[in-house]
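Structure assessment
Okay, here's what each chain looks like letter by letter:
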Amino acid sequence: MARIVVKIGSNVLTRGDGKPNVTNMSAIVDQVAHLRSRGHEIILVSSGAVACGRGAVKPLRQLDSVAARQLFSSVGQIRLINIYNDLFAQYDIVAGQVLTQKENFGSRSSYLNQRACMLTMIENGVVPIVNENDTASLTELMFTDNDELSGMIATMMDADMLVILSNVDGIYTGNPSDPDSRLIERVMPGEDVSGNVVASKSGFGRGGMGTKCGIAGKVSEEGIKVIIARGERRNVLVDVIENPDNVPHTVFEPRREGLSTVKRWIAHSSSFAKGKIVVNENAEKVLRGDSAVSLLPVGVVDVEGDWEEGDIVNIHGIDGTLIGVGRASVSSEIAVASRGQRGEKPVVHYDYLYIE
């Protein structure tokens, strides 16, 4: 039995007029109930709140993007969760709302507290329904979209699988509307298919296939299988899990060795970095190699920012390329003092280092 995170896009959950697509929501709930009866643990990451709110209220004046999101999400989230609650109740399943913000993933204590809460929900048979708290999130600290949120939830909860339900069947070799494009059915670990993605988005969602592809690649590298499929296809969620040959989709195969829970957290923490470490070419080569190595002061050429031991830092090459993310073993003051020296304590220990 598996723990599965299911991300449902706005275009699946809402109609063209912005009102909730209850038919699609009911079909998804039916499938979740079936999967739970087979012993699977399901976590939903649900878009649609802003779109539902937009269809329910008309502002008296022109609002900026932040105010509009706050207004629409405050109204839409209630409508959305009430529909889910009524639909799950038909199966005697209890659903619970989890509203989160990107900053909640920035500190290890907040991250673990959030994880513990959701584990308790699952343990007690509650289906967590996760969405971003748009009423409180700051623009500069918002998730790119719910694809990014679903990836972070999947890694945080040690999921076996992430299923992203979109308005297309998966990743294509070109524009999905082009008859010459074909569906890429399988992506192996380390394989880059981003060059095939058309840079566009549709309907109500913030993101597009580019972000889905990026998140899928990253999460699969961390040891979690990722599937992208069309959410409106009949019985699609059950089929991609139980009868994958019955439905078109793209699967990103997971890297076998995967990552530890701590490294999974660090892998998604680049935007929370308190500082920047620049390393020389030799250090970059060693860090990108196959051996398990820590970042030592001898390879550091520059230190930027002010951080304490335990804070997140980004690691860059001489050319500015992001090499990795780590949890600092020393403060920025010590990192500056030991820069370029041998025999000193690692700036970032291997156990807390993620290489891109």
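Above this text you will find the structure in question.
This is a predicted model, so every value here is computed, not measured. (Residues numbered from 1 in each chain as written. Predicted model: local features only at pLDDT ≥ 70, side-chain atom pairs only at ≥ 80, totals over all residues. Heavy atoms only, no water.)

**Some remarks on the overall build of the chain**
A count of helical and extended segments in the chain gives 11 helices and 13 strands. Rg of the C-alpha trace for the chain: 21 Å, near the compact-globule value of 21 Å for 356 residues, within the 12% margin. On the principal axes, the C-alpha backbone points of the chain span a range of 65 × 45 × 40 Å. Here the chain, with 356 residues, has 50% of them falling under the buried criterion. Within the chain, contacts between residues separated by at least 24 positions form 73% of all contacts whose residues are at least 6 apart in sequence. Within the structure as shown, the chain displays about 16200 Å² of accessible surface, and the carbon and sulfur contribution to it stands at 46%. (Helix = DSSP H or I, 4+ residues; strand = E, 2+ residues; numbered from the N terminus. Rg over C-alpha atoms; globule rule 2.2 N^0.38 Å. Buried < 20%, exposed > 50% of the residue type's maximum accessible area, 1.4 Å probe, protein only. Contact = heavy atoms within 4.5 Å. Areas by Shrake-Rupley, 256 points an atom, 1.4 Å probe, with all protein chains shown as cover.)

**Digging into the sheet that holds strand β7 (residues 225-230)**
Ordered by their spatial adjacency, eight strands build an open sheet running β3-β4-β2-β1-β5-β7-β8-β6, and the pairing between neighbours is mixed. Looking at which strands have only one partner, the edges of the open sheet turn out to be β3 (94-100) and β6 (186-187). As judged from the two bridges shared by β6 and strand β8 (residues 250-252), these two strands associate in the parallel manner. Directly across from Val 187, in β8, lies its bridge partner Phe 252. Its contacts with the sheet put helix α5 (residues 108-123) on β1 (3-8), β2 (41-46), β3 and β4 (126-132), and the angle it makes with β4 is roughly 145°. (Pairing = 2+ DSSP bridges. Axes fitted to C-alpha atoms, helices over the stretch in contact; angles between N-to-C directions.)

**Description of the pattern of salt bridges**
Working definition: two side chains of opposite charge can pair if their charged atoms are close together. A complete count under the given rule lists 15 salt bridges for this structure. The partner of Arg 339 in a salt bridge is Asp 302, with the nearest N and O atoms 3.9 Å apart. You can see Arg 339 sitting in the loop between α11 (332-338) and β13 (348-355) and its partner Asp 302 sitting in strand β10 (residues 300-305), a full 37 residues away along the chain. Overall, Arg 339 belongs to the partly exposed group, its relative accessible area being 37%. (Salt bridge = Lys/Arg side-chain N within 4 Å of Asp/Glu carboxyl O.)

**Observations regarding helix α4 (residues 65-89)**
Given a rise of 1.5 Å per residue, 25 residues ought to cover 36 Å, and the 35 Å separating the end C-alpha atoms of α4 matches this to within 8%. Among the residues making up α4, those that are buried are Ala 68, Arg 69, Phe 72, Ser 73, Gly 76, Gln 77, Leu 80, Ile 81, Ile 83, Tyr 84, Leu 87 and Phe 88. (Expected span 1.5 Å × (residues − 1).)

**Considerations on the sheet that holds strand β9 (residues 275-279)**
Within the open sheet, the five strands sit side by side as β10-β9-β11-β12-β13. Their pairing is mixed. Only two strands of the sheet have a single partner each, and these edge strands are β10 and β13. Across this sheet, the average inter-strand angle for adjacent strands is 25°, counted without regard to direction. With four bridges joining them, β9 and strand β11 (residues 312-316) adopt parallel strand pairing. Residue pairing in the sheet places Ile 277 in a bridge with Ile 315 of β11.

**A few points about the packing of aromatic side chains**
Evaluation of the coordinates by the stated rule reveals three aromatic pairs. With a centroid separation of 6.1 Å and 70° between ring planes, the pair formed by Phe 105 and Tyr 111 is classed as edge-to-face. Given the relative accessible area of 2%, Tyr 111 is considered buried. Members of the aromatic cluster, connected to one another through ring pairs, are Phe 105, Tyr 111 and Trp 265. For the cation-ring pair, Lys 263 lies above Tyr 350, with the distance from its terminal atom to the ring centre recorded as 3.4 Å. (Phe/Tyr/Trp six-rings, centres within 6.5 Å; stacked < 30°, edge-to-face > 60°. Lys NZ or Arg CZ within 6 Å of the ring centre and 35° of its normal.)

**Considering the pairing of β4**
The buried fraction of β4 is high, at seven of seven residues. A two-sided burial pattern is seen for β4, the buried positions comprising Val 126, Pro 128, Val 130 and Glu 132 on one face and Val 127, Ile 129 and Asn 131 on the other. Pairing between β2 and β4: two bridges, direction parallel. Its bridge partner lying in β4, Leu 44 is registered against Ile 129. Judged from the seven bridges that link them, β3 and β4 form a sheet pairing that is parallel. Counted as the bridge partner of Leu 99 is Asn 131 from β4. In the classification by handedness, the crossover that spans β3, the intervening α5 and the parallel β4 is right-handed. (Right-handed = clockwise from strand over helix to strand, strands pointing away.)

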